[in-house]
Amino acid sequence: MDAFTTHTGTAAPLRRSAVDTDQIIPAEYLKRITRTGFEDGLFVAWRTNEPDFVLNQPQYADASILVAGPDFGTGSSREHACWALLDGGFRAVISSRFADIFKNNSTKSGLLTVVLPQAEVEALWAAVEADPTTPVTVDLQAKQVTYGGHGVPFQIDDYTRWRLLEGLDDVGLTERHLPDIEAYEARRPAWLPKSLPALPA
Amino acid sequence: MPKTLAEKVYDAHVVRSAAGEPDLLYIDLHLVHEVTSPQAFDGLRAAGRTVRHPELTMATEDHNVPTLEILKPIADPVSRAQVEALRRNAAEFGIRLAPMGDRDQGIVHVIGPQLGLTQPGTTIVCGDSHTSTHGAFGALAFGIGTSEVEHVLATQTLPQYRPRQMAVTVDGELPEGVSSKDVILAVIAQIGTNGAAGHVIEYRGSAIEALSMEARMTICNMSIEAGARAGLIAPDETTFEFLKGRPHAPQGADWDAAVEYWRTLRTDEDAVFDAEVVLDAASLTPFVTWGTNPGQGLPITGSVPDPAAIADEGERRAVEQALAYMGLTPGTPLREIEVDTVFLGSCTNGRIEDLRVAAELLRGRTIDPHTRMLVVPGSVGVKQQAEAEGLDRVFVEAGAEWRGAGCSMCLGMNPDQLKPGERSASTSNRNFQGRQGKGGRTHLVSPSVAAATALTGRLTAPADLAPAEPAVV
Ligand code: SF4
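Since the model is a prediction, treat every value here as computed from it, not as a measurement. (Residues numbered from 1 in each chain as written. Chains lettered and ligands numbered in written order. Predicted model: local features only at pLDDT ≥ 70, side-chain atom pairs only at ≥ 80, totals over all residues. Heavy atoms only, no water.)

### As for the sheet that holds strand β7 (residues 140–143) of chain B
Residues and elements named next belong to chain B. Read across the open sheet, the five strands follow the order β5-β4-β3-β6-β7; overall the sheet is parallel. Looking at which strands have only one partner, the edges of the open sheet turn out to be β5 (96–98) and β7. If you compare each strand with its neighbour and ignore which way they point, the axes differ by 20° on average. Here four bridges tie strand β3 (residues 29–33) to strand β4 (residues 57–60), and the two strands are oriented parallel to one another. The residue bridging H33 from the neighbouring strand is T60, located in β4. (Pairing = 2+ DSSP bridges. Helix = DSSP H or I, 4+ residues; strand = E, 2+ residues; numbered from the N terminus. Axes fitted to C-alpha atoms, helices over the stretch in contact; angles between N-to-C directions.)

### Here we look at the site of the ligand
Around the ligand, the neighbouring residues are B:H63, B:I107, B:H109, B:D128, B:H130, B:S346, B:C347, B:C407, B:C410, B:L411, B:N429 and B:R435. If you map the ligand onto the pockets, it falls in the largest cavity. (Near = heavy atom within 4 Å. 1 Å grid on protein atoms, 1.4 Å probe; cavity = no way out; pocket = protein on both sides within 12 Å on 5 of 7 lines; lining within 4 Å. Sits in = over half its atoms within 2 Å of the grid points.)

### Some thoughts on the sheet that holds strand β9 (residues 164–171) of chain B
Whether parallel or antiparallel, the strands of a sheet pair through hydrogen bonds between backbone atoms. All names here are of chain B. Spatially, four strands are ordered β11-β10-β9-β12 in an open sheet, and the strand pairing comes out parallel. Of all strands in the sheet, those bounded by a partner on one side alone are β11 (230–232) and β12 (275–280). Neighbouring strand axes in the sheet, compared pairwise and without regard to direction, differ in orientation by 20° on average. Pairing between β9 and strand β10 (residues 199–204): six bridges, direction parallel. Bridging across to β10, R164 finds its partner in H199. Against the sheet, helix α6 (residues 180–191) engages β9, β10 and β12, with an angle of about 130° to β12. (Contact = heavy atoms within 4.5 Å.)

### Some thoughts on the packing of aromatic side chains
A full pass over the atoms with the stated rule returns 16 aromatic pairs over all chains. Each ring, one from A:W191 and one from B:W262, has its centre 6.3 Å from the other, and the planes form 85°; the classification is edge-to-face. Remark: B:W262 occurs in helix α10 (residues 252–262) and A:W191 occurs in the segment after α8 (178–187); the pair is interchain, linking two chains. Measuring from ring centre to ring centre gives 5.8 Å for B:F395 and B:W402, while their planes differ by 10°; the resulting arrangement is stacked. Among the aromatic residues, those joined into a ring-pair cluster are A:W191, B:F240, B:W255, B:Y261 and B:W262. One residue, A:R16, lies across the ring of A:W46, its end atom 4.0 Å from the ring centre. One residue, A:R32, lies across the ring of A:F38, its end atom 5.2 Å from the ring centre. (Phe/Tyr/Trp six-rings, centres within 6.5 Å; stacked < 30°, edge-to-face > 60°. Lys NZ or Arg CZ within 6 Å of the ring centre and 35° of its normal.)

### Here we look at the pattern of salt bridges
Throughout the structure, instances matching the rule amount to 39 salt bridges over all chains. Across the salt bridge formed by A:D180 and B:R16, the nearest N and O atoms sit 3.7 Å from each other. Taken together, the positions of A:D180 in helix α8 and B:R16 in strand β1 (residues 14–16) put the pair across two chains. Salt bridges linked by common partners bring A:D22, A:R78 and B:R435 together as one network. (Salt bridge = Lys/Arg side-chain N within 4 Å of Asp/Glu carboxyl O.)

### Thoughts on unusual backbone geometry
Along the chain, A:L196 connects to A:P197 via a cis peptide bond; the corresponding omega equals -5°. Tracing the sequence through the fold places A:P197 in the segment after α8. Although it is not a glycine, B:E69 adopts a positive phi angle of roughly 50°. Along the chain, B:E69 falls in the loop between β4 and α3 (77–93). Owing to a relative accessible area of 56%, B:E69 belongs among the exposed residues under this scheme. (Buried < 20%, exposed > 50% of the residue type's maximum accessible area, 1.4 Å probe, protein only.)

### What about the pairing of strand β18 (residues 423–426) of chain B?
Residue and element names in this part refer to chain B. By the alternation rule, side chains of β18 split into R423 and A425 and S424 and S426, which are all buried. Bridge count between strand β15 (residues 341–344) and β18: three bridges; the pairing is parallel. Its bridge partner being in β18, F343 is matched across the sheet by S426. Examined bridge by bridge, β18 and strand β19 (residues 441–444) share four bridges and lie parallel to one another. Along β19, the bridge assignment pairs S426 with L444.

### With respect to empty space enclosed by the protein
Per the counting criterion, the structure on display carries four cavities of 30 Å³ or more. By volume, the largest cavity amounts to about 220 Å³. Classifying every residue of the lining of the largest cavity by side-chain character gives eight nonpolar, 11 polar and four charged. Roughly 110 Å³ of volume is contained in the second largest cavity. The wall of the second largest cavity is formed by A:Y159, A:D170, A:L173, A:T174, A:R176, A:H177, B:R16, B:E21, B:P22, B:D23, B:L24 and B:P159. Of all the secondary-structure elements, those providing two or more residues to the lining of the second largest cavity are α7 (170–175) of chain A together with β2 (23–26) of chain B. For the lining of the second largest cavity, the element with the most residues is α7(A), which contributes three residues. Each residue belonging to the lining of the second largest cavity can be placed in one class, and the counts come to five nonpolar, two polar and five charged. (Points joined across faces, edges and corners; volume = space filled by probe spheres on them. Nonpolar A, V, L, I, M, F, W, Y, C, P; charged D, E, K, R; others polar.)

Here is the structure:
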């Protein structure tokens, strides 16, 4: 996972609520077995069918920060949604509320999800609609989004922030606790289910 | 301190906790399918890691599998490559796989309970959001992403933050023709698609206790459609009865020890929930969705909502966008909406009881000539059981198509898809734009509404049907 410290870029205003992960990347694009190359599926239905869709507008084509309506990332647990956003050039998504699994996946794949109050999202929408070239900075170190002279603080738990800042993957961190895992395993009752061997119905 | 059921299960699985860090939770059962696992296995290989507990892991092929000609190689080369990758990975890492054609193959959330692997008080994860289904047994079961799949494969644990607790209480008796699908659609319509974010939902109350295991699974399945981390129901005699004698359920003295423990898995009297939703079972009616998320639903007696009547701008825009996509006019009675396709299946409603309910309505009747009905059992086990009961013949005689087991038109990763503009009544769980095929329009319904709709070609409640002609003997 790439580390995230701070990022400055332009932002695209996605004025939609409850954007589900089927919209971020539809199922037919999930057949790939690689971890990259998902940009072709990113919002593909809206990009194909809606000429006015924000990412079809040339002034937002190079945006690297997505500013979305509430409840972004609901539905399917597909981490491909995060990969598609990253592959499509996005480093951060801002919304007033994310779906849990999407938010969790984002922290594992190095996409920063920033929660701001809806009023701040509206203000940011207005600013980048008035001037799409407005540079927006998402600073994880300072826990702050800045644009056009405004600084808006955001909350993120210290542990996740540290992991993102360092670009650390969880497996390596967990492996340091192997003795705890072994101790737990020694306590597990023997009757707990096992998938092997296959038993007759 | 008094605890909820979910807290008891969570606490019993904490391997390690430290201030300022997520808890490390032990995972009892890891279910795997072909779509969300290939990159996780690649990650293991790249790091030179193994699967820590292959015997706590079970894989199946479900999302991509065709429901016709299942013994032939998959025609779509990309789907085939994904399924073949799972086969290679399962063989290399020593994981049990139920491939197409295997007696244990089926939708991952159908086979876990069917095999008796899903047990009360366990933690269950899968790279699939509907893992919440297994909560029907009093398990703490939740969907994870591919990075987490890799983490569980490598360590059999997962870093987690303690969820908040929500109670959904449904007391009273469900009216005739109202199912657990209607209950959960009503809950989601009330709290919204992310209304339970950060929470585990415990479903409780006399109406929930009266439900069969299949019906409980339907409710827990759709917890994620309310944004919940998981949904669960306290195990009881119904649960034990369902599990007893299943291949991987405990046997003999182990069974007694297990049941003794399972009986302790109840929310303490004075445990505190962070949020509570109360529904009166007697007031519920068959529910259908009209929009493009599962929260956009109404009783079938209602009409398509009018955005002009909505004050909140964001909400109004969302309804306008949904209606434009769905091709619906405000004020249209829901029962006048004509459908092209009826899909009976999925991990929500593809179990034997769902097929029985639908078959009962179709018996001796013929579906609307302009409507296609696809019946896709949730697993090979369900398919065999249905055939043993003669349900397949009822479906075929009524004019429906009887298919092989898999996810099928729930998400259309296989050839079972809606065409652009086509409209379905579907017993699955998601009516998102394009979910069942590009440009397809989905109305979520219960199995009995699906069957009634197939008969008339319009969204129909079972109570709307004229009595069936007596069979000519
Ligand atoms: S049936 Fe549908 S919801 Fe269930 S696992 Fe398959 S694709 Fe997912």
